[in-house]
Amino acid sequence: MSPDDLRPALREAFAAGIAAADPAAAVRAALLEHREALEGASRIFIAALGKAACAMAEAAIAEVGREPTGGVVVTTDAAAREIAGCRVIAGGHPLPDAGSVEGGTALLELAEKAEEGDLLLALISGGGSALGVSPRSGLTLADKTAVTDLLLRSGADITEMNTVRRALSRLKGGGLAEAAAPARVLSLIVSDVPGDDPATVASGPTARASSALSARDVLDRRGLLERIPPAVRAAIESAATPRPLT
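Parameters and conventions
Residues numbered from 1 in each chain as written. Predicted model: local features only at pLDDT ≥ 70, side-chain atom pairs only at ≥ 80, totals over all residues. Heavy atoms only, no water. Helix = DSSP H or I, 4+ residues; strand = E, 2+ residues; numbered from the N terminus. Contact = heavy atoms within 4.5 Å. Core = buried A, V, L, I, M, F, W, Y, C linked by side-chain atoms within 4.5 Å. Buried < 20%, exposed > 50% of the residue type's maximum accessible area, 1.4 Å probe, protein only. Salt bridge = Lys/Arg side-chain N within 4 Å of Asp/Glu carboxyl O. Axes fitted to C-alpha atoms, helices over the stretch in contact; angles between N-to-C directions. Parallel < 35°, antiparallel > 145°, perpendicular 65-115°, else oblique. Left-handed = near helix turned anticlockwise from the far one by under 90°. Nonpolar A, V, L, I, M, F, W, Y, C, P; charged D, E, K, R; others polar. Pairing = 2+ DSSP bridges. Right-handed = clockwise from strand over helix to strand, strands pointing away.

(A) Geometry of the environment of Gly71. Note on placement: Gly71 falls in strand β2 (residues 70-75). When residues no more than four places from it in sequence are discounted, the contact partners of Gly71 are Ile46, Gly85, Cys86, Arg87 and Leu110.

This is how it looks when you write it as structure tokens:
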């Protein structure tokens, strides 16, 4: 068989792969299975974070059939566009910036508005770890950026990176879901990481980590424990082991 004979099949396979990875289509399909939760919610808030946040938010609004009570969409500058009923914020990637802090703060503030009987629809995709940040008390954006840069240069993989990010964040590691309590949270997550661990995608705004690996373990393994800012080391040393979300 010649290369020319293979081209149609290869094009068809490529097109099928692109279609299967379409975040908007994935959101529409998932929400069809959650009609009861959507229809039973007093109010619906949309919190979208990641490179695919705009596409996911647009698909969700169309499928929900009503404008959300409130919505925050945090994505890259290149992907950002106006979405009716939502505040769209561009954050930095791969290193967080002031827009990332604005986005992380806005997501937590939105979640805190949700009450019992409401639904927070969390739409999470890759890139969210840098695009939306909310440093723990005592930490600054400069602290988090310095640690991220050190980890990138050390060759840390995505699991290691996000283990440290969760330890330094109010938003990640289930922080968004905690802020929304006692409202119900429905998470739709488009994975860009091996193993599809929901706690690793965007560092898990609505998911606790199941791994015993700690931020201190990662930094020690990568020889960075003595190089990180003092405030970061203090935050990691004082971090309590989080309880799993229920």
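(B) Looking closely at the nonpolar core. Core analysis: the largest hydrophobic core is formed by 26 residues, its most contacted members being Leu31, Ile46, Val73, Leu121 and Leu123. Secondary-structure elements contributing two or more residues to this core are α2 (23-32), β1 (44-49), α4 (53-64), β4 (119-124) and β5 (184-189). Counting residues per element, this core draws most heavily on α4, at eight residues. In terms of nonpolar packing, the next biggest core, distinct from the first, is built from 24 residues, Ala122, Ala179, Ala180 and Ala183 among them.

(C) Structural view of the pattern of salt bridges. Taken as a whole, this structure holds 12 salt bridges when the rule is applied. Between Glu115 and Arg43 there is a salt bridge, with its nearest N and O atoms 3.9 Å apart. Of the two residues, Glu115 is situated in the loop between α5 (98-113) and β4 and Arg43 in the loop between α3 (35-40) and β1; the sequence distance between them amounts to 72 residues. Between Glu178 and Arg208 there is a salt bridge; the shortest N-O distance is 2.3 Å. Here Arg208 lies in the loop between β5 and α10 (215-221) and Glu178 lies in helix α9 (residues 175-180), a separation of 30 residues in the sequence. The partly exposed category is assigned to Arg208, whose relative accessible area is 24%. Each member of the salt-bridge network shares a partner with another, and the members are Arg35, Glu39 and Glu63.

(D) Molecular detail of the packing of helix α7 (residues 141-154) against helix α8 (residues 158-167). It is the contact of α7 with α8, at a shortest axis distance of 10 Å, that shows an interaxial angle of 165 degrees. In terms of orientation, α7 and α8 fall into the roughly antiparallel class. You can see that α7 and α8 cross each other, and the crossing is right-handed. Contact with α7, carried on its side by Lys144, Val147, Thr148, Leu151 and Leu152, involves Met161, Val164 and Arg165 of α8 and no other residues of that element. In terms of residue class, the contact of α7 with α8 is made up of five nonpolar, one polar and two charged.

(E) How the structure looks around the pairing of β2. Where burial is concerned, most of β2 is hidden: six out of the six residues are buried. Where burial is concerned, the two faces of β2 agree: the one with Gly70, Val72 and Val74 and the one with Gly71, Val73 and Thr75 are both buried. As judged from the five bridges shared by β1 and β2, these two strands associate in the parallel manner. Bridge pairing links Phe45 to Gly70 in β2. Assessed by its sense of winding, the connection that carries the chain from β1 through α4 to β2 is right-handed. When β2 meets strand β3 (residues 87-90), the two strands line up parallel, connected through four bridges. Bridge assignment links Val73 to a residue of β3, and that residue is Val88.

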